[in-house]
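Read off the chains here:
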Amino acid sequence: MKVIYSDGKTGECPKEDELHVIRHTAAHILAQAVKRLYPTASFAYGPATEKGFYYDIDLGDAKLSETDLETIETEMRKVIKENLQIKPFILPREEALKLMKERNEPYKVEHIADLAENEPISFYQQGEYIDMCTGPHLTYTGTLKAFKLTYISGAYWKNDCKNKMLTRINGTAFATAKELDEFIKLQEEAERRDHRKIGKDMQLFMFSDEGPGFPFFLPNGMTIKNSLLEYWREIHRQNGYQEISTPLIMNRRLWETSGHWDHYKDNMYATEIDDEPYCIKPMNCPGAVMVYSTQPHSYRELPIRLAEIGTVHRHELRGTLHGLFRVRCFTQDDAHLFMRKDQIAETITDVVRIINEVYTKFGFEYYLELSTRPEDSMGSDEDWEAATNGLKDALNKMNLPYTINEGDGAFYGPKIDFHLKDCLGRTWQCGTIQLDFQMPLNFDLTYVDENDDRQHPIMIHRVCFGSIERFIGILTEHYAGKFPVWLSPVQAKVLLVSKKSEEYAGYIYKMLKDANIRCELDNRNEKIGYMIRQAQYTERVPYMIIIGEKELENQNISIRTRDSKTVSMSPEEFLEKITTEIRDRV
RNA sequence: GCCGCCGUGGCUUAGCGGUAUAGCGGCUGAUUCGUAAUCAGCAGGUCGAGGGUUCAAAUCCCUCCGGCGGCUCCA
């Protein structure tokens, strides 16, 4: 694929950069079309992204809605049909500024001001349209073959909520129409996996207008949650964690001491009890700290691992709520570890190992992010540096790749975040490991060292699932609702072909029930196809047991799985199979 | 919180100035049936809430509430 660079030379584009160039050029064509339709529009950033491209545009008073996308697409096709040559040119800073001012592009002017002095500034022109850009680009607008505008959203200038909100037009582009079609099909498939839709189908959870962002778990969802927690408790017991439970509401004094009142107040729900101010916990740490501080500790006991399935409430902004992924009340599979300085690396390694074990069990891929000191935070620079290096060392020792997210740590310490992908490729933070030198100081936590001196322990805050709600949401999309048997709300469902074999079906049902299998019986006067439709495609039951005269006669059962395959076996054989699967959590 | 869109029975939805469509689901009856849609009948809606315009509002306007897609933020 031929592209043109900012120095005016054309060349063959490296294969791996092709899509990026196509999309970037699509963004320019989008801008040109918008400028034709809205002559007063001025343009901010318009990059190619992982899934397409967008352009942030200031449309003044004009409002754009999704239906306008068609008009813009039509205009873009005109630009493509005109097959304009795309020509770069370079200007010195002053002239670049002058050009952008003349063309009424205040955002580009501001952008130039952010660039290094003396840096020559490149532009690309196609017909009447000029954009400041480093390139490279396609050589002619006519070489853009497959694009689609997808949606409109708002976006702050320079991603800062203090700045003006611009209109972001999103689109995608590919080298061929076939690839674009595949992309659209994939998106549609992803929408079918949406945990909110599946959650409704399978009756896992719900929301009420009486509590936006506060999820209700329905019986089926509760089964999944409890199965996950059972697994979680098993792993944590094996790894030396002790489980505690701490109050949901505590006196504001506690939150002032912990630093939450200073640094996290905006997210906290407050109330009053007997004329005293109280807060509903947004985090579990102060509770664990209370438990630690209730007794003196020796260096020999450390690390102490206090786990808590703790429900927290946080006032999140309305616009951020999203199914189970972003809620205002969620349950963390939390743990707070208290340790000596010399135990940091070893303890963190151990925590990472557990989280990795859990994620691997579900077949998740994840990526790690190390977040450093935020502006609004407490503690000395030395402590922050030591804590950050502690996390880095552990990651490096384990050879784990990670990216650094500057300034995104908790207010009390830096953190390692585990990010998981949802069905649309958006990533969500789930597990996190936070190293904290501050809270033990704030609460004056101590242990007695080998010289009989009092020392402050260091704390780790960590979650593995993160929020159980979010984790179940991710799991739902990951499995498209076809949960493994050990998590499935209904593990087997007996479907009756006709009343003639009702007694035998009842016998099979009872056998499974008695063996503690989560089993249901469908003995309605319905055709078998109808029952299968409901069991397999709505309830997503892993094993459908079909019972009719044939089975009665052979004293066996027919097992249909969610991939529509059917096999026959003896009831005992099936019981053995499903019991093993549940026990081994496969 | 900000930008845009949306809100009709349990679910999906038609209607977009003359007081409500249909399908699925539910219930009842018939059918007794072999691996995703048998037939018939019935029930179920103060069209998110409040206010306004109008002879007349699900439909137009305003406010609020809730949802969706993003932005910001986060587990």
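My aim in this report is to walk through the structure given alongside it, one point at a time. (Residues numbered from 1 in each chain as written. Chains lettered and ligands numbered in written order. Predicted model: local features only at pLDDT ≥ 70, side-chain atom pairs only at ≥ 80, totals over all residues. Heavy atoms only, no water.)

### Let's talk about the packing of aromatic side chains
- Here the structure, examined in full by the defined rule, presents 26 aromatic pairs.
- Seen from their ring centres, F89 and F123 are 5.3 Å apart, and the 15° between their planes marks the pair as stacked. Here F123 lies in strand β6 (residues 121–126) and F89 lies in strand β5 (residues 86–91), a separation of 34 residues in the sequence.
- A relative accessible area of 24% places F89 in the partly exposed class.
- Between F364 and F471 the ring centres are 5.7 Å apart and the planes differ by 85°, which places this aromatic pair in the edge-to-face class. With a gap of 107 residues between them, F364 in the loop between α11 (344–362) and β19 (366–371) and F471 in helix α14 (residues 468–478) connect regions that are remote in the sequence. F471 shares its class with F364; the two are buried.
- Taken together, the ring pairs connect Y231, Y359, F362, F364, Y366, F418, F465, F471 and W486 into an aromatic cluster. (Phe/Tyr/Trp six-rings, centres within 6.5 Å; stacked < 30°, edge-to-face > 60°. Helix = DSSP H or I, 4+ residues; strand = E, 2+ residues; numbered from the N terminus. Buried < 20%, exposed > 50% of the residue type's maximum accessible area, 1.4 Å probe, protein only.)

### Description of the sheet that holds strand β3 (residues 42–43)
- Pairing in this open sheet of 4 strands is antiparallel, and the strands run β3-β4-β10-β9 from one edge to the other. What marks the edges here is a single partner per strand, and that holds for β3 and β9 (146–156).
- Here β3 runs beside strand β4 (residues 53–58); their pairing, made up of 2 bridges, is antiparallel. Looking at β4, one finds that F43 is bridged to I57.
- Running at roughly 130° to strand β10 (residues 165–174), helix α1 (residues 18–37) makes contact with β3, β4, β9 and β10 of the sheet. (Pairing = 2+ DSSP bridges. Contact = heavy atoms within 4.5 Å. Axes fitted to C-alpha atoms, helices over the stretch in contact; angles between N-to-C directions.)

### Section: the pairing of strand β25 (residues 458–467)
- The buried fraction of β25 amounts to 10 of the 10 residues, a majority that puts the element mostly inside the structure.
- Where strand β18 (residues 329–339) meets β25, 7 bridges bridge the pair, whose relative direction is antiparallel. Within the sheet, the bridge partner assigned to F338 lies in β25 and is M459.
- Bridge count between strand β22 (residues 427–436) and β25: 5 bridges; the pairing is antiparallel. Residue pairing in the sheet places T432 in a bridge with V463 of β25.

### Overview of unusual backbone geometry
- Residue P136 follows G135 across a cis peptide bond; omega there is -5°.
- Residue position: P136 is located in the loop between β7 (129–132) and β8 (137–138).
- Following L302, the chain continues to P303 via a peptide bond in cis, the omega torsion being -5°.
- The phi dihedral of Q203 is positive, around 60°, even though this residue is not glycine.
- Within the element layout of this structure, Q203 appears in the loop between α6 (195–201) and β11 (205–206).
- According to the relative accessible area criterion, Q203 is partly exposed, its value standing at 46%.

### A few points about the protein's contact with RNA strand B
- Residues in close proximity to RNA strand B total 56 residues, the closest being Y156, R326, Q429, C430 and R560.
- Here, RNA strand B places atoms within 4 Å of the protein, and 57% of those atoms are sugar or phosphate.
- One of the side-chain N or O atoms of Y537 is found 2.5 Å from a base nitrogen in RNA strand B.
- The backbone of K550 places a nitrogen or oxygen atom 2.5 Å from a base oxygen of RNA strand B.
- Among the residues forming the surface near RNA strand B, the class breakdown is 20 nonpolar, 15 polar and 21 charged. (Near = heavy atom within 4 Å. Polar contact = N/O pair within 3.5 Å; in protein donor to acceptor, adjacent residues only side chain to side chain. Nonpolar A, V, L, I, M, F, W, Y, C, P; charged D, E, K, R; others polar.)

### Regarding the sheet that holds β7
- Strand order across the open sheet formed by 3 strands is β5-β6-β7, with antiparallel pairing between neighbours. Strand pairing shows two members of the sheet lacking a second neighbour, β5 and β7, which therefore form its edges. Taking the axes of each pair of neighbouring strands and ignoring which way they run, one obtains an average angle of 25° across the sheet.
- Both β6 and β7 contribute to a ladder of 4 bridges, which runs antiparallel. Residue pairing for β7: Q126 is matched across the bridge by Y129.

### Section: the nonpolar core
- Among the nonpolar cores identified, the biggest contains 56 residues, and L228, F362 and L435 are the most heavily contacted of them.
- If one sorts the elements of this core by residue count, α11 sits on top with 9 residues.
- Contacts of L228, omitting those with residues within four sequence positions, involve F362, F465, F471, I472, L475, W486 and L487.
- Within the second largest apolar cluster, 36 residues are counted, among which are Y55, Y129, L144 and L149. (Core = buried A, V, L, I, M, F, W, Y, C linked by side-chain atoms within 4.5 Å.)

### Some points on the pattern of salt bridges
- This structure, assessed with the given rule, holds 38 salt bridges.
- Between R192 and E189 there is a salt bridge, with the nearest N and O atoms lying 2.9 Å from each other. With R192 and E189 both in helix α5 (residues 177–192) and 3 residues apart, this pair spans about one turn of that helix.
- A residue is classified by how much of its surface remains accessible, and E189, at 35% relative accessible area, is partly exposed. (Salt bridge = Lys/Arg side-chain N within 4 Å of Asp/Glu carboxyl O.)

### Description of a nonpolar patch on the surface
- Together, L248, I249 and I273 line one region of the surface with nonpolar side chains, adding up to about 220 Å² of accessible area.
- Topologically, I273 is positioned in strand β15 (residues 270–273).
- In this structure I273 comes out as partly exposed when scored by relative accessible area, which is 33%. (Patch = residues over 30% accessible without salt bridge, like charges linked within 9 Å, V, L, I, M, F, W, Y side chains within 5 Å. Areas by Shrake-Rupley, 256 points an atom, 1.4 Å probe, with all protein chains shown as cover.)

These figures capture arrangement, not role.
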